[in-house]
Amino acid sequence: MEDCIRLEYDVDGENFASAGHASESVKRTLKQMGVSPASVRRVAIAMYEGEINLVIHAHGGKAIAEIDPDRIDIYLKDTGPGIADVDLAMRAGYSTATENIRSLGFGAGMGLPNMKKYSDDMKIDTAVGVGTTVFLRICF
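About the cut-offs
- Residues numbered from 1 in each chain as written.
- Predicted model: local features only at pLDDT ≥ 70, side-chain atom pairs only at ≥ 80, totals over all residues.
- Heavy atoms only, no water.
- Helix = DSSP H or I, 4+ residues; strand = E, 2+ residues; numbered from the N terminus.
- Rg over C-alpha atoms; globule rule 2.2 N^0.38 Å.
- Buried < 20%, exposed > 50% of the residue type's maximum accessible area, 1.4 Å probe, protein only.
- Contact = heavy atoms within 4.5 Å.
- Areas by Shrake-Rupley, 256 points an atom, 1.4 Å probe, with all protein chains shown as cover.
- Axes fitted to C-alpha atoms, helices over the stretch in contact; angles between N-to-C directions.
- Parallel < 35°, antiparallel > 145°, perpendicular 65-115°, else oblique.
- Left-handed = near helix turned anticlockwise from the far one by under 90°.
- Nonpolar A, V, L, I, M, F, W, Y, C, P; charged D, E, K, R; others polar.
- Core = buried A, V, L, I, M, F, W, Y, C linked by side-chain atoms within 4.5 Å.
- Expected span 1.5 Å × (residues − 1).
- Pairing = 2+ DSSP bridges.

Q: Provide a residue-level description of the overall build of the protein, including the pertinent values.
A: On a plain count of helices and strands, the protein comes out with five helices and five strands. In the protein, the succession of helices and strands from N to C terminus is β-α-α-β-β-α-α-α-β-β. A compact globule built from 140 residues should have a C-alpha radius of gyration of about 14 Å, and the protein, at 14 Å, falls within 12% of that. With respect to the principal axes defined by its C-alpha atoms, the protein has extents near 40 × 25 × 25 Å. Classification of the 140 residues of the protein by burial places 45% in the buried group. Here the contacts in the protein between residues at least 6 apart in sequence split such that 65% fall between residues at least 24 apart. Total accessible area computed for the protein in this model is approximately 7,400 Å², and 50% of it derives from carbon and sulfur atoms.

Q: Break down the packing of helix H1 (residues 21-32) against helix H2 (residues 37-57) for me, with residues and values.
A: Running from N to C, H1 and H2 cross one another at 165 degrees; their axes reach a closest spacing of 8 Å. Taken together, H1 and H2 sit at an angle that is classed as roughly antiparallel. Relative to H2, the crossing made by H1 is right-handed. Facing His21, Ala22, Ser23, Val26, Lys27, Leu30 and Lys31 of H1, the residues of H2 in contact are Val40, Val43, Ala44, Met47, Tyr48 and Glu51. Along the lines of polarity and charge, the residues of the contact of H1 with H2 split into eight nonpolar, two polar and three charged.

Q: Can you break down the nonpolar core residue by residue, with the values?
A: Core analysis: the largest hydrophobic core is formed by 34 residues, its most contacted members being Val26, Ile72, Ile74, Leu76 and Leu136. Looking at which element gives the most residues to this core, the answer is H2, with eight residues. Apart from residues no more than four positions distant in its own chain, Val26 is found in contact with Leu7, Tyr9, Val43, Met47, Ala65 and Ile72.

Q: Which residues make up H2, and what are the values?
A: Over its 21 residues, H2 runs 30 Å from end to end, which matches the ideal 30 Å to within 8%, given 1.5 Å per residue. Where H2 ends, the next residue or the one after it, His59, has phi of about 60 degrees, a positive value.

Q: Please set out the pairing of strand E4 (residues 121-127) residue by residue, giving values where relevant.
A: Side-chain positions along a regular strand alternate between the two faces of the sheet. Taken together, the seven bridges between E4 and strand E5 (residues 131-139) define a ladder with antiparallel strand orientation. Residue Lys123 lies in a different strand from E5, and its bridge partner there is Phe135. Hairpin connection from E4 to E5: three residues lie between these consecutive antiparallel strands, with Gly129 at a positive phi of about 80 degrees.

Q: Just give me the short version of the environment of Ile56, but keep the residues and values in it.
A: Considering the arrangement of structural elements, one finds Ile56 in helix H2. Relative accessible area serves as the criterion here: at 12%, Ile56 is assigned to the buried category. Sequence separation between Ile56 and Gly107 is 51 residues, and the spatial gap between their C-alpha atoms is 7.7 Å. Excluding its chain neighbours within four sequence positions, the residues that come into contact with Ile56 are Phe16, Ala97, Ile101, Phe106 and Gly107.

And the structure:
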């Protein structure tokens, strides 16, 4: 793991102006490393969806990226309300976002499905009232 680059970001809850900062920074780092554009795109989409979920649903959290030469592992951690029904949350179009959030153009219910679609591995560890950690692995 000597070649591993670890980047950590605080994601500010309910601040849509700063949402995407972490994924943009990781995207820039991957480009500088010479990672293929297709892989960079997958990472950017999956990580951005995770950041938005932290902003909308969890009142913020941490985004951690561990970059190895052949993959990236992303951890999205929060101490928000947790996910009551993971299977339901994974259904495209299902969302617990408020009407206010939807009026801003967010909360379409594609966050978790897109994270799964653009990653090679995804795990969700959640407890209601405690928080959620989403793990994503994307291989280059």
